[in-house]
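Letter by letter, the chains look like this.
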There are 2 protein chains.
Amino acid sequence: MKRYNLDGTYFYCPVDLTLSVVGGRWKGLVFWNLRDGAKRYGELKKILVGINDKMLSQVLKELEKNGVVVRKEYNVIPLKVEYSLTKEGKKLLPVMQLMSNWGEKFEV
Amino acid sequence: MKRYNLDGTYFYCPVDLTLSVVGGRWKGLVFWNLRDGAKRYGELKKILVGINDKMLSQVLKELEKNGVVVRKEYNVIPLKVEYSLTKEGKKLLPVMQLMSNWGEKFEV
């Protein structure tokens, strides 16, 4: 039986693996909002109405751990931290784009 | 601001709407396992190792409510019930296929 390993977690179905990365509501939305380039923590928080700090920090850490988002710290005062998609993360954008297209049909 | 209405639930982002349909782990996996055609409840339960009856029934009901899965009852004894993707549901298959492709790279 085939197995898929994401950072030490094993899956028997590749869809299951991918859902674990961007399937969650906030994980998917944080990811999607990085599509146009790097964003600071505060910018993400402003866009994602309803997310709290605990959730946003946790989601960013998980996306980083999954290798699809990278955190970059700039050595300036005040501290500047930006998040952006990795090369591997960018390969997931077509998935999210198709999700967006499918959802668009429900516009009211 | 644009709004998207899925069966009375409003979203401000089409990705959010789609994640609510197939983003959950079990919702996504039940959906994906109907890609090759109709399946009976027992068949789904056998494939989806780890799912319990409460979760499987609930997920099928939600997918039906979201208009992507249809339940068909055959008038035979013993009762035969099959689940399959709707026309609208089939339009979501490319999303899941891309998820599968992305996940495939992690095969060990």
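Quick caveat, the model's predicted, so the values are computed rather than measured. (Residues numbered from 1 in each chain as written. Chains lettered and ligands numbered in written order. Predicted model: local features only at pLDDT ≥ 70, side-chain atom pairs only at ≥ 80, totals over all residues.)

**Side note on the nonpolar core**
A general tendency of soluble globular proteins is for nonpolar side chains to be buried together.
Okay, step 1: Counting residues in hydrophobic clusters, the biggest one holds 48 residues, and the most contacted among them are Val-95 of chain A together with Val-95 of chain B.
Okay, step 2: Dropping the residues within four chain positions of it, Val-95 of chain A is found in contact with Val-22 of chain A together with Val-95, Leu-98, Met-99 and Trp-102 of chain B. (Core = buried A, V, L, I, M, F, W, Y, C linked by C-beta atoms within 7 Å. Buried ≥ 20, exposed ≤ 12 C-beta atoms within 10 Å, placed from the backbone. Contact = placed C-beta atoms within 7 Å.)

**Looking at the pairing of strand 5 (residues 80-85) of chain A**
All names here are of chain A.
Okay, step 1: In this sheet, strand 5 lies alongside strand 3 (residues 39-40) in antiparallel orientation, the contact comprising two bridges. Looking across to strand 5, one finds that Lys-39 is bridged to Tyr-83.
Okay, step 2: Pairing of strand 4 (residues 69-74) with strand 5 involves six bridges; the strand directions are antiparallel. Bridge pairing links Val-70 to Ser-84 in strand 5.
Okay, step 3: Counting the residues that bridge the hairpin from strand 4 to strand 5 gives five residues. (Pairing = 2+ DSSP bridges. Helix = DSSP H or I, 4+ residues; strand = E, 2+ residues; numbered from the N terminus.)

**Quick word on the sheet that holds strand 3 of chain A**
Residues and elements named next belong to chain A.
Okay, step 1: Pairing is antiparallel in the open sheet, where three strands are placed in the order 3-5-4. Edge positions in the sheet fall to strand 3 and strand 4, since each has one partner strand and no second.
Okay, step 2: Each of strand 4 and strand 5 touches helix 4 (residues 53-65); the most contacted strand, strand 4, lies at about 110° to it. (Axes fitted to C-alpha atoms, helices over the stretch in contact; angles between N-to-C directions.)

**Comments concerning the sheet that holds strand 4 (residues 69-74) of chain B**
All names here are of chain B.
Okay, step 1: An order of 3-5-4 is seen for the three strands of this open sheet, with the pairing classed as antiparallel. The two strands at the open ends of the sheet, each matched to only one other strand, are strand 3 (39-40) and strand 4.
Okay, step 2: Against the sheet, helix 4 (residues 53-65) contacts strand 4 and strand 5 (80-85), and its axis sits at roughly 110° relative to strand 4.

**Examining the interface of chain B and chain A**
Okay, step 1: With 32 residues of chain B in contact, the opposing surface of chain A contributes 32 residues.
Okay, step 2: The set of elements that each furnish at least two residues to the side of chain B that touches chain A consists of strand 1 (4-6), helix 1 (14-22), helix 2 (25-32) and helix 6 (93-104) of chain B.
Okay, step 3: Considering each element in turn, the side of chain B that touches chain A owes the most residues, nine residues, to helix 6 of chain B.
Okay, step 4: A breakdown of the residues in the side of chain B that touches chain A according to their chemical character gives 18 nonpolar, seven polar and seven charged. (Nonpolar A, V, L, I, M, F, W, Y, C, P; charged D, E, K, R; others polar.)

**Some words on helix 4 of chain B**
Because an α-helix packs 3.6 residues into every turn, residues spaced three or four apart end up facing the same way.
Residues and elements named next belong to chain B.
Okay, step 1: Here helix 4 is 13 residues long and its end C-alpha atoms lie 18 Å apart, about the 18 Å a rise of 1.5 Å per residue gives.
Okay, step 2: Packed against the buried residues of helix 4 are helix 2, strand 4 and strand 5.
Okay, step 3: The positive-phi residue at the C-terminal boundary of helix 4 is Gly-67, with phi of around 80°. (Expected span 1.5 Å × (residues − 1).)

**Considerations on the relation of the copies chain B and chain A**
Okay, step 1: Each copy superposes on the other: chain B lies on chain A with an RMSD of 0.0 Å after a rotation of 180° and an axial shift of 0.0 Å. Here the copies are linked by what is in effect a two-fold axis. The rotation axis passes nearest to the C-alpha of Gly-23 of chain B in chain B, at a distance of 2.1 Å.
Okay, step 2: A high fraction, 100%, of the interface residues of chain B reappear at the interface in chain A, so the copies pair face to face through one surface. (Least-squares fit on C-alpha atoms with pLDDT ≥ 70 in both.)

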